[in-house]
Amino acid sequence: MDLRVLRYFLTVVQEEGIVAAANALHMTQPTLSRQLKDLEQELGTQLFVRGNKAQRLVLTDKGQLLRKRAEDLLLLADKTKQEIQQDAQLLNGTVHIGGGESQGMRLIARAAKQLKDKYPLVSFNIFSGNAEDVKERLDKGLLDFGLFIEPTNLQKYATLRLPYIDHWGLLVRRDSPLARKQSLEAKELLNIPLLVSNQQTVKHNFQRWFKLPIDELNIVSTYNLLFNAALMVEEGVGNAVCLDKLAAVSDNSKLCFIPLVPQLPIHLDLAWRQYQPLSKEAGAFLREVEALCAEK
């Protein structure tokens, strides 16, 4: 597949139509239509649903798959081109970092600031997602580093343990009876509505802590990042099982955080592909992180 044609395909998807895409690409509509037809013939499948009365192109299931793969391929191609073309002495590329929500991201941000002060042309791309999403992008070469919250199997990666420890607790409304408690035990969570992370490793960790199947809990919703889950808590949908120091829980906030006991200390690891050389920018960033870890 020609990367140029994949860019055409994604433009059509983004513009939701041939005419708008052709204008955006500064090419004629027949030429663009022919490129898409050739792409469909090459792949042996239909990518768009034809005959849509709304005059809006809709992707088939195979088209949805190609969209995701094309986005990954083009991102990797652009990243590779940038790394090859950059000046041998000047650091001016992008460091790609992925991770879930954790206070450990503060150290990552501090290292990014220090590197940026030394090399102003360096930029950063931050991807927020759960462990499965971050590992997938790390394996594909779309990320230089991933920040992982244990328990996560990182045996095939090079890793650096960060000097932070997170703790699990419950995010509740400040007007909830639970807000008066200093801590919560497992048995106190059995009969209340809960929002929990959809990561399998987190669910396994909680099964171990509860010492009972997680399906015995009253789980009303799952989530992958906390911001929207916190809004659900504010609106009274349930109480979110989460890590500390992530949600705003000041005296003026509608929410407060109650730690779970016995405590569940969670370590944080920065990981990268073990047998793949880092770009100059990524290597310089890693040295900044290592120096900050050594100061702790």
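Residues numbered from 1 in each chain as written. Predicted model: local features only at pLDDT ≥ 70, side-chain atom pairs only at ≥ 80, totals over all residues. Heavy atoms only, no water.

Caption draft 1: Highlighting the nonpolar core. Grouped together as the largest cluster of nonpolar side chains are 25 residues, with contacts concentrated most on Phe145, Leu160, Leu162, Leu270, Phe285 and Val289. Going through the elements one at a time, strand S3 (94–99), helix H5 (105–118), strand S5 (145–149), strand S6 (157–173), strand S11 (265–273) and helix H9 (280–295) are the ones with two or more residues in this core. Of the residues forming this core, the biggest block, seven residues, is contributed by H9. Not counting residues within four places of it along the chain, the set of residues in contact with Phe285 comprises Val95, Ile97, Ile108, Ala111, Ala112, Leu115, Phe124 and Phe145. (Core = buried A, V, L, I, M, F, W, Y, C linked by side-chain atoms within 4.5 Å. Buried < 20%, exposed > 50% of the residue type's maximum accessible area, 1.4 Å probe, protein only. Helix = DSSP H or I, 4+ residues; strand = E, 2+ residues; numbered from the N terminus. Contact = heavy atoms within 4.5 Å.)

Caption draft 2: The arrangement of the environment of Asn228 in detail. Position of Asn228 among the secondary structure elements: in helix H8 (residues 226–234). Classification of Asn228 by relative accessible area gives exposed; the value is 52%. Along the chain, Asn228 and Tyr164 lie 64 residues apart, while their C-alpha atoms are 24 Å from each other.

Caption draft 3: Region of the structure containing helix H2 (residues 18–25). All of the buried residues along H2 are Ile18, Ala21 and Ala22. On an axial view of H2, the arc spanned by its buried residues comes to 100 degrees, and they lie on one face. Looking at the buried positions of H2, the neighbouring elements they touch are helix H1 (3–15) and helix H3 (29–43). Following H2 by one or two positions, His26 adopts a phi angle in the positive range, close to 60 degrees. (Arc of directions from axis to C-beta.)

Caption draft 4: Here's a closer look at the packing of H1 against H3. As a packed pair, H1 and H3 sit with axes 10 Å apart at the nearest point and diverge in direction by 110 degrees. Judged by the inter-axis angle, H1 sits roughly perpendicular to H3. Remark: the crossing between H1 and H3 carries left-handed chirality. Between H1 and H3, the residues in contact are Arg4, Val5, Tyr8, Phe9 and Val12 and Leu32, Gln35, Leu36 and Leu39, respectively. (Axes fitted to C-alpha atoms, helices over the stretch in contact; angles between N-to-C directions. Parallel < 35°, antiparallel > 145°, perpendicular 65-115°, else oblique. Left-handed = near helix turned anticlockwise from the far one by under 90°.)

Caption draft 5: Local environment of the environment of Arg208. Examined against the element boundaries, Arg208 turns out to sit in helix H7 (residues 200–210). By relative accessible area, Arg208 is classed as exposed at 55%. With 167 residues separating them along the chain, Arg208 and Gln41 place their C-alpha atoms 52 Å apart.

Caption draft 6: Inspection of the environment of Leu154 at higher detail. Position of Leu154 relative to the elements: it lies in the loop between S5 and S6. The class for Leu154 is buried, based on a relative accessible area of 12%. Residues Leu154 and Leu65 lie 89 residues apart in sequence; the distance between their C-alpha atoms is 28 Å. Not counting residues within four places of it along the chain, the set of residues in contact with Leu154 comprises Phe148, Thr159, Asp269 and Ala271.

Caption draft 7: Quick look at the pattern of salt bridges. Counting across every chain of the model gives 15 salt bridges. Asp2 is the partner of Arg4 in a salt bridge, and the nearest nitrogen-oxygen pair spans 3.2 Å. The partly exposed category is assigned to Asp2, whose relative accessible area is 37%. The closest approach of N and O atoms between Asp139 and Lys156, which form a salt bridge, is 3.1 Å. With Asp139 in helix H6 (residues 131–139) and Lys156 in the loop between S5 and S6, this residue pair connects regions lying 17 residues apart in the sequence. Classification of Lys156 as exposed rests on a relative accessible area of 51%. Connected through salt bridges with shared partners, the residues Lys68, Asp72, Glu136 and Lys140 form a single ionic network. (Salt bridge = Lys/Arg side-chain N within 4 Å of Asp/Glu carboxyl O.)

Caption draft 8: Expanded view of H6. Every buried residue of H6 is listed here: Ala131, Val134, Arg137 and Leu138. Axial view of H6: buried residues confined to an arc of 135 degrees, hence all on one face. Of the residues that open H6, the one with a side-chain oxygen 3.2 Å from the backbone nitrogen of Glu132 is Asn130. Gly141 occupies a position one or two residues after H6 and carries a positive phi of about 85 degrees. (Polar contact = N/O pair within 3.5 Å; in protein donor to acceptor, adjacent residues only side chain to side chain.)

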